[in-house]
Structures are given as C-alpha cells and as structure tokens.
Amino acid sequence: MSHLSQRPDNPVVGVPMPHESASLHVTGAALYTDDLVHRTKDALHAYPVQVMHAHGRITALRTEAALAVPGVVRVLTAADVPGVNDAGMKHDEPLFPDTVMFYGHAVCWVLGETLESARLGAAAVTVELDERPALITVTEAIAAESFHGAQPTVHSGDVEAGFAEAAHVFSGEFHFADQEHFYLETHAALAHVDESGQLFVQSSTQHPSETQEIIAHVLGLHSHEVTVQCLRMGGGFGGKEMQPHGFAAVAALGALRTGRPVRLRLNRTQDMTMSGKRHGFHARWRVGFDADGRLRALDATLTADGGWSLDLSEPVLARALCHIDNIYWIPNARIAGRIAKTNKVSNTAFRGFGGPQGMLVIEDILGRCAPLLGLDPTELRERNFYRPGQHTPYGQEVLDAERISRTWQEVHERGDIAERRREIAVFNAAHAHTKRALAVTGVKFGISFNLTAFNQGGALVLIYKDGSVLINHGGTEMGQGLHTKMLQVAATTLGIPLDKVRLAPTRTDKVPNTSATAASAGADLNGAAVKNACEQLRARLSQVAASQLGAGATDIRIVDGVARALGSDRELDWDRLVHTAYMQRVQLSAAGFYRTEGLHWDARAFRGTPFKYFAYGTAASEVEVDGFTGTYRIRRVDIVHDVGDSLSPLIDIGQVEGGFVQGAGWLTLEDPRWDTGDGPGRGRLLTQAASTYKLPSFSEMPEVFNVTLLANATEPGAVYGSKAVGEPPLMLAFSVREALRAAAAAFGPAGISVYLGAPATPEAVYWAIEAARAGAGTPTVTTRSTGEIHTDASTLSRV
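Rules and cut-offs
- Residues numbered from 1 in each chain as written.
- Predicted model: local features only at pLDDT ≥ 70, side-chain atom pairs only at ≥ 80, totals over all residues.
- Heavy atoms only, no water.
- Core = buried A, V, L, I, M, F, W, Y, C linked by side-chain atoms within 4.5 Å.
- Buried < 20%, exposed > 50% of the residue type's maximum accessible area, 1.4 Å probe, protein only.
- Helix = DSSP H or I, 4+ residues; strand = E, 2+ residues; numbered from the N terminus.
- Phe/Tyr/Trp six-rings, centres within 6.5 Å; stacked < 30°, edge-to-face > 60°.
- Lys NZ or Arg CZ within 6 Å of the ring centre and 35° of its normal.
- Pairing = 2+ DSSP bridges.
- Right-handed = clockwise from strand over helix to strand, strands pointing away.
- 1 Å grid on protein atoms, 1.4 Å probe; cavity = no way out; pocket = protein on both sides within 12 Å on 5 of 7 lines; lining within 4 Å.
- Points joined across faces, edges and corners; volume = space filled by probe spheres on them.
- Salt bridge = Lys/Arg side-chain N within 4 Å of Asp/Glu carboxyl O.

The next subject is the nonpolar core. One finds Leu 298 and Phe 660 to be the most contacted residues of the largest nonpolar core, which totals 110 residues. Top element by residues in this core is strand 27 (residues 613-626). It accounts for eight residues. Counting residues in each nonpolar core, the second largest holds 52 residues, with Ile 463, Val 469, Leu 541 and Ala 590 among its members.

The structure is reproduced here in structure tokens:
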C-alpha cells in the first residue's frame, strides 16, 4: 500500500455523509451563476442573433435596426474583438463567424438593459447569406469524405492471421445516436470589469483555467488580468468542459466594451440548438471467433460525428478506440478512427468521453453474434474476459483483471441470477404477448486523461488563527459531490473534525493552471493535491506539538482534533495548537500539488500506458416487454461496482445510480432528431425541448435497484485507496439494452439474432420484435465456417 492510499486512525473518509450542499439544493438557497445577476447593479443582458440555415457565407450583417430598439445598448460583432476572434482551443471556432456552419449558429450578440430589449434587438438584426450545401448525417459525411482532425489506428497482433485461424467470421455496421446533456442549469456567465480593466467572470464551467485562457486571448489580455470563478454548476456531464468558454468570452467582451456588468444565460432552446452533444458514431466491423467462441480478431472503423469544429472530438475518439475492448481480450485487433465534419453543433465531452461509444460496439457485436455461435450471451462474454497478465490492444497491462470476474460473480450471487432465469423461462412460456429477459454486462474503464499533461492538480489550504480551515482546489462542483470528498480528505489528513473545514468556490486566482473536472479524475487529482497541502501543514504543526508535549515530531499523532505523543498522557487540542503555531510564526498556509505517476502515451503510435488504473463493474438488468407496442419496463437492476476504498460511500452510490440511469437514457430513450430533408429547415434540431426529447424520469427507474460497492478493493495508486466513480457506471446500462434485445428475440424462434437500434426506443424494440417473429435473423451457426454475415437496417444474414 502506498503512502498516498494509506488511511490514518479514525478517518473521516469512508464515512457515509450527504452532499455538502444538499440542504441548500433542496431549499433553493444554493446560488448558481445566473442567480448573481440579482445582486449585481446595472447589468446588461446578452442575446444571440442565430441564423436559421445550416451552412452559408455571410454576405451582409445589418445591425442598425437593433440599435434603434429601446433599451438596446450595443451589438457585439467581430469588429469589437481586440484580440483573437476565436473561442476554440483548436482555433477553429470563430466567436463571431463570417460563415454559418450549423442551423442556429450565433453570428453576433445584442446587449440590452433588459432581456426582452436584447431579444427584440436580436430579432431586428438582418443577415444575408450565400447558402451552401450542408452535410447533416455521418453517412453523408462519409460519402463526401468530409473529415477533420487526426485519424488514428490501434494495432495489436496479426489481424489477418487471426481471421485466418477463426472458425467463424462475421461483419456488420452499427450507427447509434448522440445524446443531449440536458443539465438543469443552462450555459451562463456574468462578467465584471474594474477601473483598471481587470476582468472577473462568474462562469458555469468545468474548466475555469481554460475559460480564463480563452477570455484572455479573445480580449488580448494576459491570463493574470482575468479571473474566473465557478460557484457550482447545476449539472455539467462534460457539456461544460469546453463549450462555456465562448459564452464567457462574449460576456467579458461586452463588459470590456460597455464598462458595465454583462449577464449571458441561454434559454433551453438556445442551449440545445447552440451547444454540442455526445458524439453519435458509425461503426463498421469484422470479427472472428474460434470454435469455442473466443475472440480471435477484430477489424473495425469508428467514425465520430464531430460537428462543425473539432472541440474535443480527437480525445473523445481516442478514448473510444482505447475502450472498444471493454472487458474482453482481443489478441489481434486493428481499430481505425476518424471524425466526420458535419454542419451540426460541435459535439463535445459527455460523461464517459468516448468510452461508452467504443464499448457499445463490442457489446453489440457480442449480443448479435452469440446466437449465431450457439451460445448464451452471458456465456460468450464470460469466455472472453481479460485474465491477469493480458494487455489491451494499445499495450497497457490490465491490472486487477480478476475484479472483472469478482464483480460478475458477486452480481450473480446477490441477484440470484440462475433462479430468476428459470422464472423468466416459465413466464415467457405462459405469455405469448409479453416477454421478460435478463442480461448481464461488465465494465472496464480507464482512469486518467489520455493527454498526460492534464494529469495534475493543485490546492491551497489555509488555517486561520482560530483553528478553522479553508480549502481551495482546482476542481469544480457540478452536483457530483467532489467538494464533499475534498472536505473529508482534508479533515482526515489534518486529523480534525469535519466541521472545522470549509471549502471556497473554485477560482483561477487561488489555484492556477488547473485541468478540467472531467475524465472521472476530479477526486484523484484534487484529492491528492489537498492531501499534499494538508500534509505540509500537519508536519509543521507536529513540530509545534512536539515542542509543547516534549516528544519527537515523528511521535505526534493528531486524531479527532487532539495532538498526542505516543506513550504519553499529555495532549494539545487543535485550536490551541494552531494558535501556538501562529505565535511561533509558523506558516499556516500551504500550496499542494499532485501529478499522476506512471503514465505514458504515444499519440502517434497509439500505444502506451495512458491510464493509472481501471475501474470495474457488473450489472444485471431484467426487463419486461409488451409485444404489441414495444414498450417496456425495467423490473430489476443489480450492480456491483469497484470504487476502491470509497472516500464517501453515500456519494459514490448516488453516482453509480445516476450514471446508470443516464446511460439507460442514452441507450433506450433519448433520440435526438435532425431535419435531414432538402427544405429550408435542413439541419434544424427537431427535438429542442423536453416536450420532444424524452429524458429518464422516475417512471423509468428500475422497480428494484440494488447497488453494492465492491469490498476489499483498495487502489494503491490513488488518494486514500479510492477509485474514480463519475463515468464508469454509465456503461453498466449496456445490460438494459442487451436485456431488451433478448426479450425481443424471445418473441421469435430459438437462435434468432436480433438487430436492435440505439437508442432502443419502444419503436425500435417493436421493429426488433416484428423481425424476430418473422424469423428474419440467422439460425445458430453450429458448424465450423468462415462464411461472413452482414447487416442491413434490421437483420443479420449469411452471405
């Protein structure tokens, strides 16, 4: 066990406790970025001028009529930008574009005394376009060879030799949808400028340092002239990692040009039509199995829908390629990736960051091929688990691979899977028009940023003379409980009660150059940095306590707010210790830092060790499907998930539950639709409100929902032995989609291979049922064969 993972006596970490702002959330007292406008004098309101065409060069932009609208103060255009007119880290996202790249693209912003005056002013702006053809779907982009960014490939083994020795070779295609973040709080920023031109920007952002950087280069300033603060977010899910920067820059530019505070908040329709989503993917694959159903080779091409600009599409694609294996060993693989450039919003980070898209491909392959191999899908999955000592296609050893089997077995035992399968068989035999099914799937998710430089965190911890402690760290709070965990880490490291510690909002002038709160690394990076700062302080205070207690500093223990020397009855309470340290002129503040060790990634060769460790989990989901409508309900879910030694069990269980439900939403309910016709609405998002975009709600929750954290699972390389929990549980929802596939197959003859769309909406399930009833699938392959199968829109068939 490492020093980083070792826990002291009576730790505050590991104690179940509610979210630190839970009471503020439920009473409405919690402040979010847009709440601050009511405390701000003379704030102006920003409103976008959106162009409702998918693609075209701007030939005229007329703003004079807007300035005549009562209450309109200014119209911000490219001419107002003193620095660089770009809001993207790849410098491919003009803040004020001269070419419209997607339906609803904002080309300028109106500032008004009220939101209504700004809205009316925006409506008065006229834009003339030289319209151009637009690519809306991934398949259109592929056909037009419209790509941008890198096109990496993962190689391992000898793919052609693997196919040559395979007993069964199948091929197919798979297209699955994007997903709207639908955080409760839409994008928001509030900017102030002081008498010296210093900018202070409140932003709902997961990456304050990058927001600061973008604002600075748009305004032609240095970073030390811009301070960004994030109080908290009403949800982020990755949608506020990169995309807040431009909105914050608009507010900052408005404040700089007018000398007044500027508030920008998107309404729901604007947020959905202007901000990026989870990348939809197209996959083309060929897979080979030996006679025992073990994977021998995989050749696949993954195409991500990047939208109009790169944003984070390259690292999202990289993580998809690194996770297509999931929990399965593939000795021979060639996985190619590319990013489609389409005339849609620029897709961005979303919980899982490409991992879910890659893993969905292999889970779909196994679910579709299992009947053709004459195997139960659960058995096929088990036969292909990673074993200790095996490596991923990109060359990283899968450490703790036995946890795949541990979580799998524990789910089977806790969920009484064997007995329930027998009950399901009896039920299905007795019900011609309703079927039940149960599926089990697992997760192996790598933790760390693929870009090694991002794997660092900072903290600033202050102890005041009265013994109270204030923590600043680089992570942001979006409801996930990061601040709660940081409070527990600080209290544990200092050896004091939790009520002695308070946490300050995240600010770039307290902790600089931070990484985004993303990649599930928030607790790992910031927790280790907080621990480092607290250890420095504790070492100084131990010296003071030693002088007071007549002992050596190494013999001092601070537990529950009391310093004691080993083998002595003498003690010194925390408050007195701190005051004594102050009187002795001992420094009572410390900057902490942490960099993740043991990482290496060659992006060009696509090989290395990009992840500190893997998080594992298994889920079993049981569904019931109506054969007349395709509607379904999730009857029961059992999950065992590996979070190492939990820092905060109540928070972690909530994260597992929430991640699972969000994943089930992506895979079964959430169906973004775009106008792909040739009319004037081409490229328009059709599902731009909660009335047309279906989100999971209480009615979609499992009737029985059991979540267990894997015991005895210390992670020696992370803070207090914990593991990340934000993203990995989302992929446990594969079990729901695979259960729906099995239920649809139960309406047809035995051995049917069912194609199921993603998302598996009731409509998609209904058509899968109809295909199964018609026997449109392929009967089980029981003989040695190298014949390939392919897919059309709904079935698999022999070539």
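Having seen it, we continue.
A word on the packing of aromatic side chains. According to the stated counting rule, one finds 15 aromatic pairs in the structure shown. Summarising the aromatic geometry, the rings of Phe 385 and Trp 408 are spaced 4.9 Å apart at their centres and angled 80° between planes, so their arrangement reads as edge-to-face. In this pair, Phe 385 sits in the loop between helix 11 (377-383) and helix 12 (402-414) while Trp 408 sits in helix 12, placing the two residues 23 residues apart along the sequence. Overall, the relative accessible area of 4% leaves Phe 385 in the buried class. The ring centre of Phe 747 lies 5.9 Å from the NZ or CZ of Lys 435, which sits over that ring. We note Arg 436 situated over the ring of Phe 427; from NZ or CZ to the ring centre the distance is 3.7 Å.

Time to look at the pairing of strand 28 (residues 632-641). Each regular strand displays side chains that alternate between the two surfaces of the sheet. Burial analysis of strand 28 places seven of its ten residues in the buried class, which makes it a mostly covered element. Sheet topology note: the strand 27/strand 28 ladder contains nine bridges and is antiparallel. From the neighbouring strand, Glu 622 faces strand 28, where its bridge partner is Arg 636. In textbook terms, the turn of a hairpin is the stretch between consecutive antiparallel strands, and for strand 27 and strand 28 this stretch comprises five residues, one of which, Gly 630, has a positive phi near 80°. Read as a crossover between parallel neighbours, the route from strand 28 over helix 17 (residues 649-668) to strand 29 (residues 704-709) is right-handed.

What follows concerns the sheet that holds strand 6 (residues 126-131). Reading across from one edge, 4-2-6 is the order of the three strands in this open sheet, with antiparallel pairing throughout. Edge positions in the open sheet fall to strand 4 (99-100) and strand 6, since each of these has one partner strand only. With six bridges connecting them, strand 2 (residues 56-62) and strand 6 associate as antiparallel partners. The residue bridging Leu 61 from the neighbouring strand is Val 127, located in strand 6.

Below, the discussion takes up empty space enclosed by the protein. Enumeration over the complete set of coordinates arrives at five cavities of 30 Å³ or more. Surrounding the largest cavity, 19 residues form its lining, Glu 93, Gly 246, Phe 247, Met 274 and Trp 308 being those nearest its centre. For the lining of the largest cavity, the elements supplying multiple residues, two or more each, are strand 5 (105-112) and helix 7 (244-258).

Our focus in this paragraph is the pattern of salt bridges. Within the structure shown, the criterion is met by 50 salt bridges. The partner of Arg 119 in a salt bridge is Glu 116, with the nearest N and O atoms 2.7 Å apart. Note that Arg 119 and Glu 116 are positioned in helix 3 (residues 115-124) at a spacing of three residues, about one turn of the helix. Classification of Arg 119 as partly exposed rests on a relative accessible area of 34%. A relative accessible area of 41% places Glu 116 in the partly exposed class. The salt bridge involving Asp 364 is made with Arg 368; its shortest N-O contact spans 2.9 Å. With Asp 364 and Arg 368 both in helix 10 (residues 355-369) and four residues apart, the pair spans about one turn of that helix. With relative accessibility at 1%, the residue Asp 364 sits in the buried group. Each of Arg 420, Arg 436, Glu 622, Glu 624, Arg 633, Arg 635, Arg 636, Asp 638 and Glu 703 takes part in a single network of salt bridges with overlapping partners.

Interpretation note: all reported values are geometric properties and have no functional meaning in isolation.
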